[in-house]
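Each chain, written out:
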Amino acid sequence: QCHPVSSEKPSMCIGSATQLFSGHQTCKGCYKDLFAGRYNYCNGSYAGATKTGCNWSGGAGCTFPAERNVSPAQCQKKCADEPGCNYFTTYYGYICNLYLMDSCKLESSGAPGVVSELVPCPSPEPSASPTVIASAEPSQVSSEKPS
């Protein structure tokens, strides 16, 4: 069942992700490393990054308390809740990286992981009959012919 994640990402759904790759590859570019507690490569040098303003690894305002045991389901939810996150990689069932990129270009990684992409919610079905809103006053129609 697909429910919008949050008001920040109404088009993304809880429980909706597509596995893109499994093996020794990950997305290239800006990411939030939950295990290390810092943003990496979010300094604006990667085109398509949805976060900038950090050093290559951390920097002022670019570190946070590390989370060293994040399940794949929790990683997906964290990506859905993170502004700018569209992809995530899980390693060994407890390490989570959130990719703050508008596309995922695969690159080699030193560890086997699973790269996934958040999937947009399906569009709501159109209603069977159109909604008619009555106006407060009847419209005025001119009976004069244009000259």
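So, here is what we can say about the structure in this document. Since this is a predicted model, take the numbers as computed values, not measurements. (Residues numbered from 1 in each chain as written. Predicted model: local features only at pLDDT ≥ 70, side-chain atom pairs only at ≥ 80, totals over all residues. Heavy atoms only, no water.)

### Considerations on the state of the cysteines
For the structure on display, the rule yields 5 disulfides. Here Cys30 engages in a disulfide with Cys42; their sulfurs sit 1.9 Å apart. When the S-S torsion is 90°, as for the bridge of Cys30 with Cys42, the disulfide is right-handed. Placement of Cys30 in the loop between β2 (12-27) and β3 (31-33) and of Cys42 in the loop between β4 (38-40) and α1 (72-81) is noted, with a sequence separation of 12 residues between them. Using a relative accessible area of 0% as the deciding quantity, one classes Cys30 as buried. Look at Cys42 and you get buried, because its relative accessible area is 0%. Disulfide pairing is shown between Cys75 and Cys96; the S-S distance is 2.0 Å. Across the S-S bond linking Cys75 and Cys96, the dihedral sits near 75°, which makes this disulfide right-handed. Note that Cys75 is positioned in helix α1 and Cys96 in strand β6 (residues 95-99), a separation of 21 residues in sequence. Overall, the relative accessible area of 0% leaves Cys75 in the buried class. (Disulfide = S-S within 2.5 Å. Helix = DSSP H or I, 4+ residues; strand = E, 2+ residues; numbered from the N terminus. Buried < 20%, exposed > 50% of the residue type's maximum accessible area, 1.4 Å probe, protein only.)

### A look at unusual backbone geometry
The phi torsion at Tyr41 lies on the positive side, around 60°, for a residue other than glycine. One can find Tyr41 in the loop between β4 and α1. Positive phi is not limited to glycine here, since Tyr92 has a value of about 60°. As for its position among the elements, Tyr92 is in the loop between β5 (87-91) and β6.

### Let's talk about the pairing of β5
Consecutive residues of a regular strand have side chains that alternate between opposite faces of the sheet. Of all 5 residues in β5, 5 are buried, a share of seventy percent or more. Of the two faces of β5, the one lined by Tyr87, Thr89 and Tyr91 and the one lined by Phe88 and Thr90 are each fully buried. Pairing of β5 with β6 involves 5 bridges; the strand directions are antiparallel. Each bridged residue has a counterpart across the sheet, and for Phe88 the counterpart in β6 is Leu98. Hairpin geometry of β5 and β6 is characterised by an intervening segment of 3 residues between the two adjacent antiparallel strands and by a positive phi of about 60° at Tyr92. (Pairing = 2+ DSSP bridges.)

### A look at the side chain of Asn97
If you trace the backbone, Asn97 turns up in strand β6. By relative accessible area, which is 6% here, Asn97 ends up buried. Contact partners of Asn97, with chain neighbours within four places excluded, come to Tyr31, Lys32, Asp33, Leu34, Cys75, Tyr87, Phe88, Thr89 and Tyr91. (Contact = heavy atoms within 4.5 Å.)

### A look at the nonpolar core
If you look at soluble globular proteins, the nonpolar side chains tend to sit buried side by side. Residues Leu34, Tyr39, Cys75, Cys79, Phe88, Cys96 and Leu98 are the most contacted members of the largest nonpolar core, which totals 18 residues. Looking at this core, the elements with two or more residues in it are α1 and β6. Looking at this core element by element, the count peaks at 3 residues for α1. Excluding residues within four positions of it along the chain, Leu98 makes contact with Cys30, Tyr31, Lys32, Leu34, Cys75, Lys78, Cys79, Glu82, Cys85, Tyr87 and Phe88. (Core = buried A, V, L, I, M, F, W, Y, C linked by side-chain atoms within 4.5 Å.)

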